[in-house]
Structures are given as C-alpha cells and as structure tokens.
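# Topology and contacts: notes
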Amino acid sequence: MTVIKNQKSNTYEVRTYYKDWTGVRKQKTKRGFKRKCDAQEWERAFKLKENLSLDMYFEDFVDLYLNDIKSRIKYNTWLTKKHIVEKKILPYFSKKKLQEIKPSDIRQWQNTMMNYRNKQGEGYSQVYLKTIHNQLSAILNHAVNFYDLKSNAARKAGSMGKERTKEMLFWTKEEYMKFIEAVADKPISFYAFEILYWCGVRMGELLALTPADFDFQACTIRINKSYQRLEGKDIITDPKTVKSNRMITMPEFLSEELESYIGMLYGLNENDRIFQISKSYLHHEMDRGVKLSGVKRIRIHDLRHSHVSLLINMGYSAVAIGERVSSEMEQCIPAVNDVESYVDGVEIGRVISTFLRKQPKEKRIIFMHRYYYCDTVLSVAKRFGYSESKVKIMLYRMRKDLRVYLTKEGYFL
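Residues numbered from 1 in each chain as written. Predicted model: local features only at pLDDT ≥ 70, side-chain atom pairs only at ≥ 80, totals over all residues. Heavy atoms only, no water.

## Describing the confidence of the model for the protein
Of all residues in the protein, 81% have pLDDT values of 70 or greater, and the mean over the chain is 81. Put simply, helix α13 (residues 317-323) is where the protein has its lowest mean pLDDT, 46, and helix α11 (residues 279-293) is where it has its highest, 95. Under a pLDDT of 50 for its full length, residues 319-327 has, in the predicted model, 23 contacts with residues more than four places off or in other chains. This stretch, residues 334-346, has a pLDDT under 50; its non-local contacts, to residues over four places away or in other chains, come to 11 contacts. (pLDDT = per-residue confidence, 0-100. Helix = DSSP H or I, 4+ residues; strand = E, 2+ residues; numbered from the N terminus. Contact = heavy atoms within 4.5 Å.)

Below, the structure is given as structure tokens:
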C-alpha cells in the first residue's frame, strides 16, 4: 500500500492492491484525504476489512453486512434496514472495533435510545425500540455466524422495547357502506377502496394492478406483483410472499363496475397501472372519508381485516382459508378442486370457525395471519414478539388439534 500526496489538489490518496472473490488481483485507489494520518487510517481499515479481521471498525463491518444481505432481501426492506442502521446505530458504534463491543456498550446505547425525546417530548415507541435493537442484533449475529465473532453482545445485553399484540381493527359492512358513499365523488378513490374491501388485497397489490390482470368473464383478478415508490422511482416487485401469487374471485357487481370504469380510462394500455396514485393519496382519502362519514378510523391495511369479517358473516371464512391452503394446512384441509369438494369445504369451514372460536384470542389471530393472510412464520414471530421456533410449535400443535377436532366431527382427511 502507498500513501502519496497529490500536489495539484493538496490532498492525500491511497493506492493498494487486493484480490477479489475470484482471486483476481485488482487496484483500489481512494482520494481526497486532507491529512496524511487520515489516509493511513483508511489504509489500515481497508486492510483489516479485506482480511476479514474482527479488529476492523464496526462501520466497516456494516458495509460488509449490507452488501452481504442486499441480494437476499427485498430492496425496500434493505433500504429500511440501511436507514435504521445509519441513523440509529452507526452514530454510536461506528469507530468501535467489532470484537471490542461489550454488552455494557449495548446497554448504554439502549438507555440513550429509550431516553430520547423530540421537541414535543415524545420518545420512540416500544415497537420501534425493539425494531432498532433487532437490527443491531442481526448485524452482530451475522458476524457470529459468518465471520467467527465469539458472541453476540446485543443478545447478552437483552432486548429493549416490546412487540405489542396490536388490536385487529375492522369495519362492519354497514360502516364500510357509510365510508364508501363519502368518497364516491372521486371514481379513482371509490374503485380503489371497493377492491380493497371486497377482494382483501394489499395496498401495494392494488396499485400494481393492470387491465391484463382482470378476467371479467370469470370475475377474477390475478395478483402477481406489488407496487413500491422507492427513492423517487416507481418499482414493481413480487408480492409479499410466494403464496401471495393468487387468483381472487370478485363479486359479480364489482366485476361489471370495474369493466365499465377501466373502459373509460382513455389511452390505458393492457399493462399500464390502473391506479396511478400514491399510497399517501389513499391515506388522505381514508381520512377524508372517515371525517365525512363519521365511522371510526382504521388503517388501510385493516380493510383486509374488514374483508375477513365480511367472509365470516357470510359463513365463508374457513373456505377462504382453504383456498389459501399451504403445504402445512394440507395435513388438515384438502385442496378445493371441484364442486363437491367446494361444498364439503363450506361445511368444513363452519367446523373450523367453531374450532377457532374455542382457541385463545392470540392463537386464533396467529392462525389467521399465517393461513389467511399468508404471512411468513418470521413475520408472525416479529409481530407477536416470539421466536420463529415458538411460532412453528404453536402452529404445529394447532394443526394437530384441528385435525383431531375435524375427525371427531366426522371429517376423515
């Protein structure tokens, strides 16, 4: 490695050679250091990083970590993780050596986070505190699993905050009808909320819909993508989970209304987004509709819960679960393949609804998140503050109990 002074810019630069992952020797140059000692310090850190030494600074390891995981998670998830790390973690640990971070350091950082107050005197929520801690723990866990760090100091220090079990809010059909009348003056808002309520899709899935996704003869919508606005750009990604790729049946009246509405959108091509609006627009329209109608405020995501409530009142809640069968649930419920199976599914649905009503509230909600909303086990675990293994055990026991219950009711599956 060489540190030289650039006479024209009056700054220092470092030139060094390294081998990439294929073993090819390459040159690395870093310019713009005002002091020679800064250039030498960068040189030392680069050498440690290339040798994967645990003596490297925490900020250098974070670079490795973020690059390691970037291709393994969704881009919007990566951006969120990166923001939290840069704003809430790096300012405290950037110049600490990775292997010298102690549980006592973590505790001091936690105290700083928990004692933070903004100008209005408000601190971070318990859920956000836990999220921040989990990000730090994930970084150190990465070092333990792949770079031979001896232990995770964040795990030893213990967590902060907690993942509250959020109350599942929803509208009754009567409340929804009051709301939708209040926003009917804007067709784009009206039809967006109609799809959200009657079909139970996610907001990103709604905003990604194109005319090609609709089959008005069969009254179905194809869900195979999601819309995100990231770094000022419109991004179309895969749905939340693999099982989120699905066909949804629309009520006949909604199919007719949407066919007429889409037909009136001048210049819209088959693969153009129908709802060329933002998520913030929908939040604003939700606020407007609530104010005009007088119904309680719920989140847009809670329209999915309202959709479940609608299905339950119609007696089809378990059928909806059955149509979203995963490999886990096939142990208990057969897939719906024909009319006879569908009729059986309706009856099984009523039995499963009875079974679920007998379960503790938290277990019932966990079951619905996993098998109706198709949330991943990891997502469910984070939502309820449990480990993945505990959620898997809970779901396994519920499936086992459900199978026994169905057998007692005369369903031999």
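## Some thoughts on the pattern of salt bridges
Summed over all chains, the structure comprises 16 salt bridges. R202 is the partner of E205 in a salt bridge, and the nearest nitrogen-oxygen pair spans 2.9 Å. Both residues of the pair, E205 and R202, belong to the buried class. D234 is paired through a salt bridge with R229; the nearest N and O atoms lie 2.7 Å apart. (Salt bridge = Lys/Arg side-chain N within 4 Å of Asp/Glu carboxyl O. Buried < 20%, exposed > 50% of the residue type's maximum accessible area, 1.4 Å probe, protein only.)

## A look at the nonpolar core
Ranked by internal contacts, the top residues of the largest apolar core, which has 41 residues, are F193, I195, L206, F214 and F275. Those elements that provide at least two residues to this core are α7 (173-182), α8 (187-199), α9 (203-207), β5 (220-223), α10 (252-263) and α11. Per-element tally for this core: the top contributor is α8, with nine residues. Aside from chain neighbours lying at most four places away, what touches F275 is I188, Y191, A192, I195, L206, L207 and Y261. W78, I101, I139 and Y147 belong to the second largest nonpolar core, which has 32 residues in total. (Core = buried A, V, L, I, M, F, W, Y, C linked by side-chain atoms within 4.5 Å.)

## As for the sheet that holds β5
Taken together, the three strands give an open sheet; going across it, the order is β4-β5-β8, and neighbouring strands pair in antiparallel fashion. Every interior strand has two partners, whereas the edge strands, β4 (214-215) and β8 (246-249), have only one. Bridge analysis of β4 against β5 gives two bridges, and the strand direction is antiparallel. Considered in β5, the bridge of D215 is made with T220. (Pairing = 2+ DSSP bridges.)

## Focus: the packing of aromatic side chains
A full pass over the atoms with the stated rule returns 15 aromatic pairs. With a centroid separation of 5.0 Å and 85° between ring planes, the pair formed by F190 and Y191 is classed as edge-to-face. Relative to F216, the ring of F214 lies with its centre 5.5 Å away and its plane at 15°, an arrangement referred to as stacked. Accessibility expressed as a relative area gives 9% for F214, which makes it buried. Grouped by ring-pair contacts, the aromatic residues Y176, Y197, W198 and F253 constitute a single cluster. Looking at K70, its charged tip hangs above the ring of W78, at a distance of 4.4 Å from the centre. For the cation-ring pair, K95 lies above Y57, with the distance from its terminal atom to the ring centre recorded as 5.2 Å. (Phe/Tyr/Trp six-rings, centres within 6.5 Å; stacked < 30°, edge-to-face > 60°. Lys NZ or Arg CZ within 6 Å of the ring centre and 35° of its normal.)

## A few points about the environment of T172
Here T172 shows up in the loop between α6 (153-157) and α7. Residue class for T172 comes out partly exposed when judged on its relative accessible area of 30%. Taking C-alpha positions, T172 is 6.6 Å from S306, a pair spaced 134 residues apart along the chain.

## Structural notes on the pairing of strand β6 (residues 226-230)
Burial analysis of β6 places four of its five residues in the buried class, which makes it a mostly covered element. Pairing of β6 with strand β7 (residues 233-237) involves five bridges; the strand directions are antiparallel. Counterpart to Y227 in the pairing with β7 is I236. Count of turn residues in the β6/β7 antiparallel hairpin: two residues, of which E231 carries a positive phi of about 50°.

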